[in-house]
Amino acid sequence: MDIQSLFAARSYASTRPALEPAPETTTTAKQSFVALAEDFAQTVQAGEETAKAAMVGKADPHALVQALAQSELAVETAVTVRNKVVEAYQEILRMPV
């Protein structure tokens, strides 16, 4: 083994831990999806609660419009993601085997 290989191996060994993600920051796709689904449900639920409060006169009309806009954006985002997933699935089905 020559000296350059030795230095390269040491350099690689010292930089490798810096390249690996920290265990507490790694999330799986399942965890990310669950977090997004919970956030979506909370947004829609907050919109419903604000709408109910506005119906009985306990909420500001501005808060109602803001909550409805957030709910609308969340639903549009969910529909767009669903459409992309369906489109990708259909594209996979069209692939020759």
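Refer to the structure above for everything that follows.
The following paragraphs examine the structure supplied in this document. (Residues numbered from 1 in each chain as written. Predicted model: local features only at pLDDT ≥ 70, side-chain atom pairs only at ≥ 80, totals over all residues. Heavy atoms only, no water.)

What to know about the overall build of the protein chain
Helix and strand counts for the protein chain come out as 3 helices and 0 strands. Ordering the α and β elements of the protein chain from the N terminus gives α-α-α. Relative to its full complement of 97 residues, the protein chain shows a buried share of 6%. (Helix = DSSP H or I, 4+ residues; strand = E, 2+ residues; numbered from the N terminus. Buried < 20%, exposed > 50% of the residue type's maximum accessible area, 1.4 Å probe, protein only.)

Points about helix 2 (residues 29–55)
The first and last C-alpha atoms of helix 2 sit 39 Å apart over 27 residues, in line with the 39 Å expected at 1.5 Å per residue. Within helix 2, the full set of buried residues consists of Gly-47, Thr-50 and Ala-51. Those residues of helix 2 that are buried are in contact with helix 3 (61–94). Gly-57 sits one or two positions beyond helix 2 and adopts a positive phi of about 85°. (Expected span 1.5 Å × (residues − 1). Contact = heavy atoms within 4.5 Å.)

Here we look at the pattern of salt bridges
Side chains that differ in charge, positive against negative, can pair when their charged atoms come close. What the rule picks out here adds up to 1 salt bridge. In this structure, the salt-bridge partner of Arg-94 is Glu-91, at a minimum N-O distance of 2.8 Å. Here Arg-94 pairs with Glu-91, and both are found in helix 3, just 3 residues apart, close to one helical turn. A relative accessible area of 56% means that Arg-94 is categorised as exposed. (Salt bridge = Lys/Arg side-chain N within 4 Å of Asp/Glu carboxyl O.)

Considering helix 3
Here helix 3 is 34 residues long and its end C-alpha atoms lie 49 Å apart, about the 50 Å a rise of 1.5 Å per residue gives. Among the residues of helix 3, Ala-67, Ser-71 and Ala-74 are the ones counted as buried. In this structure, the buried side of helix 3 is in contact with helix 2.

Thoughts on the environment of Ala-59
Mapped onto the elements, Ala-59 comes out in the loop between helix 2 and helix 3. Spatially, the C-alpha atoms of Ala-59 and Glu-49 are 9.6 Å apart, while their sequence positions differ by 10 residues. For Ala-59, the contacting residues outside a window of four places in its chain are Thr-50, Ala-53 and Ala-54.

A short note on the packing of helix 2 against helix 3
The geometry of helix 2 relative to helix 3 is characterised by a closest axis approach of 9 Å and an angle of 150° between their N-to-C directions. Between helix 2 and helix 3, the interaxial angle falls into the category roughly antiparallel. Every pair of crossing elements has a handedness; the one defined by helix 2 and helix 3 is left-handed. Counting all contacts with helix 2, which are made through Phe-40, Thr-43, Val-44, Gly-47, Thr-50, Ala-51 and Ala-54, the residues of helix 3 involved are Ala-63, Leu-64, Ala-67, Gln-70, Ser-71, Ala-74, Val-75 and Ala-78. Here the residues of the contact of helix 2 with helix 3 sort into 10 nonpolar, 5 polar and no charged. (Axes fitted to C-alpha atoms, helices over the stretch in contact; angles between N-to-C directions. Parallel < 35°, antiparallel > 145°, perpendicular 65-115°, else oblique. Left-handed = near helix turned anticlockwise from the far one by under 90°. Nonpolar A, V, L, I, M, F, W, Y, C, P; charged D, E, K, R; others polar.)

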